[in-house]
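# Overview (structure and organization)
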Amino acid sequence: MLSLKGGVGKTTVTLGLASAALRRGVRTLVVDLDPQCNATSALDPEETDGTLATVLEAPRWSVLCSAIGPSNWGEGLDVLVGSDEVEMLNHPDPGSRRLNTLGRALTELTKLVDHGELPYQLILLDCPPSLGQLTRSALVAADRALLVTEPNLFAVSGVQRAYEAVETVREEHNPRLQTLGVVINRVRSHSREHTFRWQELRETFGPLVLSTALPDRLAVQQAQGACMPIHQWPTPGAREVAMGFNMLLAKTLRPRRHSLVVDDEDDTDQWLA
């Protein structure tokens, strides 16, 4: 989950996908890379001996295990616990070795099979709103990037910068990385401004903009404040948002493609040339 602008709901999308995965029975790990640790707080994991900061300092199996705790949301959803200390590791211009640290740590998860446990079917990386070591190391480790935005005045420029960051990492460090798409968060369907900005995004980025937009509903903040998955919050607004996350999860779980084609009939690059 990527955005180079703060406050657009990147962590909300991470939590919504985690909630949808939990409901579907998809074993999931959330990696909280944001020094604010909002994802960790909302998922309310059991106390761990380590954190992401200790993992990035020493990406070994034992250290990784000490930093992962089960979420109180339910079985099958774990958290690689965030820490405000990772801000000290968020170098603005890291070398290749630092960028590969997170990927090396996550590769250790393959040892779950050796220990008789099921591997994770989905790993969600919640990035900070900056392009330092933490975000770039997540892009080096990831298969796909989901760009998160809101329908506001600065949406196009924010998505453009995020897309360019993904392309740079793909070309220089991670050739398997793909852009999954742009998800528009906190949409008010009756707002003429939101409708205009949504259309502006589609005209600029074409099929990169996902048809599934997430509505602006108070239930999202209520569920997060109660440390509960949105799928368990008992209001009509929560059910509406949860349906959007179900559709987004379905797209996320589709097999990766071998090119940057977003839809069968269109190529992303022709829209961004």
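Along each chain, the written sequence defines residue order, and numbers are assigned to residues from 1. Where local features are concerned, this predicted model is filtered to residues with pLDDT of at least 70; where side-chain atom pairs are given and counted, the filter is 80 or more; whole-chain, interface and lining totals use all residues. Excluding hydrogens and water, the side-chain figures rest on all heavy atoms present in the structure.

On to the overall build of the chain, then. Only runs of H or I of at least four residues qualify as helices and only runs of E of at least two qualify as strands under DSSP, and these elements are numbered from the N terminus. A count of helices and strands for the chain gives 13 helices and eight strands. Dimensions of the chain along its principal axes, counting C-alpha atoms only, are 50 × 45 × 35 Å. Relative to its 273 residues, the chain shows a buried fraction of 56%. Taking contacts inside the chain between residues at least 6 apart in sequence as the whole, the part at least 24 apart equals 77%. In the structure as shown, the chain presents an accessible area of about 12,700 Å², 50% of it carried by carbon and sulfur atoms. Distance between charge centroids for the chain: 3 Å, based on 26 positive and 34 negative side chains. Whether a residue is buried, partly exposed or exposed follows from its accessible area with a 1.4 Å probe, protein chains only, as a fraction of its type maximum: under 20%, in between, or over 50%, in that order. What makes two residues a contact is simply this: any of their non-hydrogen atoms within 4.5 Å. Surface exposure here means Shrake-Rupley accessible area, sampled with a 1.4 Å probe, where a residue is shielded only by the protein chains that are shown. When charges are counted, Lys and Arg contribute as positive and Asp and Glu as negative, whereas His and the chain ends are disregarded. Throughout, a charge is located at the NZ atom of Lys, the CZ atom of Arg, the CG atom of Asp or the CD atom of Glu.

A word on the pattern of salt bridges. Two side chains that carry opposite charge are able to pair once their charged atoms sit near each other. Each reported salt bridge corresponds to a side-chain nitrogen of Lys or Arg within 4 Å of a carboxyl oxygen of Asp or Glu. If you walk through the whole model with that rule in mind, you get 11 salt bridges. In this structure, Asp 143 and Arg 176 form a salt bridge, with 2.9 Å as the shortest nitrogen-oxygen distance. Taken together, the residues Asp 143 in the loop between α8 (133–141) and β5 (144–149) and Arg 176 in the loop between α9 (155–172) and β6 (178–184) connect sequence positions 33 residues apart. For Arg 188, the salt bridge is made with Asp 216, and the minimal N-O distance between the two is 3.4 Å. Residue Arg 188 is found in the loop between β6 and α10 (192–205), and its partner Asp 216 is found in the loop between α10 and α11 (218–225); the two are separated by 28 residues along the sequence. Exposure remark for Asp 216: the relative accessible area of 29% places this residue in the partly exposed category. Connected through salt bridges with shared partners, the residues Lys 10, Asp 34 and Asp 126 form a single ionic network.

For the rest of this paragraph, the subject is the sheet that holds strand β3 (residues 77–80). Read across the open sheet, the four strands follow the order β2-β3-β1-β4; overall the sheet is mixed. Looking at the sheet topology across the chains shown, the edges are occupied by β2 (68–70) and β4 (122–126). Between one strand and the next, the sheet's axes are offset by a mean angle of 25°, whatever the strand orientation. Pairing analysis gives four bridges linking strand β1 (residues 28–32) to β3, with the strands arranged parallel. Bridged to Leu 29 within β3 is Asp 78. Seen against the sheet, helix α1 (residues 10–24) touches β1, β3 and β4 and runs at an angle of roughly 165° to β4. In this description, strands pair whenever DSSP reports at least two bridges between them. To define axes, lines are fitted to C-alpha atoms, for helices over the stretch in contact only, and angles between the resulting N-to-C directions are given on a 0 to 180 degree scale.

Attention now goes to helix α12 (residues 236–252). Expected helix span is computed as 1.5 Å times (number of residues minus one). The end-to-end C-alpha distance of α12 is 25 Å, a good match for the 24 Å that 17 residues give at a rise of 1.5 Å each. Every buried residue of α12 is accounted for by Gly 237, Ala 238, Val 241, Ala 242, Gly 244, Phe 245, Leu 248, Leu 249, Lys 251 and Thr 252.

The subject of this paragraph is the packing of aromatic side chains. Working definition: rings of Phe, Tyr and Trp (its six-membered ring) pair if their centres are within 6.5 Å, and the pair is stacked with planes under 30 degrees apart, edge-to-face with planes over 60 apart, and tilted otherwise. Scanning the entire structure with this criterion turns up zero aromatic pairs. Definition used: whenever NZ (Lys) or CZ (Arg) falls within 6 Å of the ring centre and also within 35 degrees of the ring normal, the charge is taken to sit over that ring. Across the ring face of Tyr 120, the terminal group of Arg 27 is positioned such that the distance to the ring centre comes to 4.5 Å.

Next up on the list: the nonpolar core. Residues Leu 33, Leu 80 and Leu 147 are the most contacted members of the largest nonpolar core, which totals 52 residues. With eight residues, the top contributor of residues to this core is α9. Ignoring sequence-local partners within four residues, the contact set of Leu 147 consists of Leu 2, Val 159, Ala 162, Tyr 163, Val 166, Thr 179, Gly 181, Val 182 and Val 183. Judged by nonpolar contacts, the second largest core, of 36 residues, contains Val 13, Val 30, Ala 42 and Phe 245. What makes a nonpolar core is a set of buried Ala, Val, Leu, Ile, Met, Phe, Trp, Tyr and Cys residues whose side-chain atoms join them at distances within 4.5 Å.

Let's shift gears to the confidence of the model for the chain. Predicted confidence across the chain gives a mean pLDDT of 90, with 93% of residues reaching 70 or more. Scored from 0 to 100, pLDDT reflects the predictor's confidence in each residue. Per-residue pLDDT stays below 50 along residues 259–273; that stretch engages in 34 contacts with residues further than four places along the chain or on separate chains.

This part takes up the pairing of β5. The element β5 is largely enclosed, with a buried count of five among its six residues. In terms of strand pairing, β5 meets β6 through six bridges, oriented parallel. Counterpart to Leu 147 in the pairing with β6 is Val 182. A crossover connection joins β5 to the parallel β6 through α9; in handedness this β-α-β unit is right-handed. Handedness of a crossover is defined as follows: with both strands directed away from the viewer, a clockwise route from the first strand across the helix to the second makes it right-handed.

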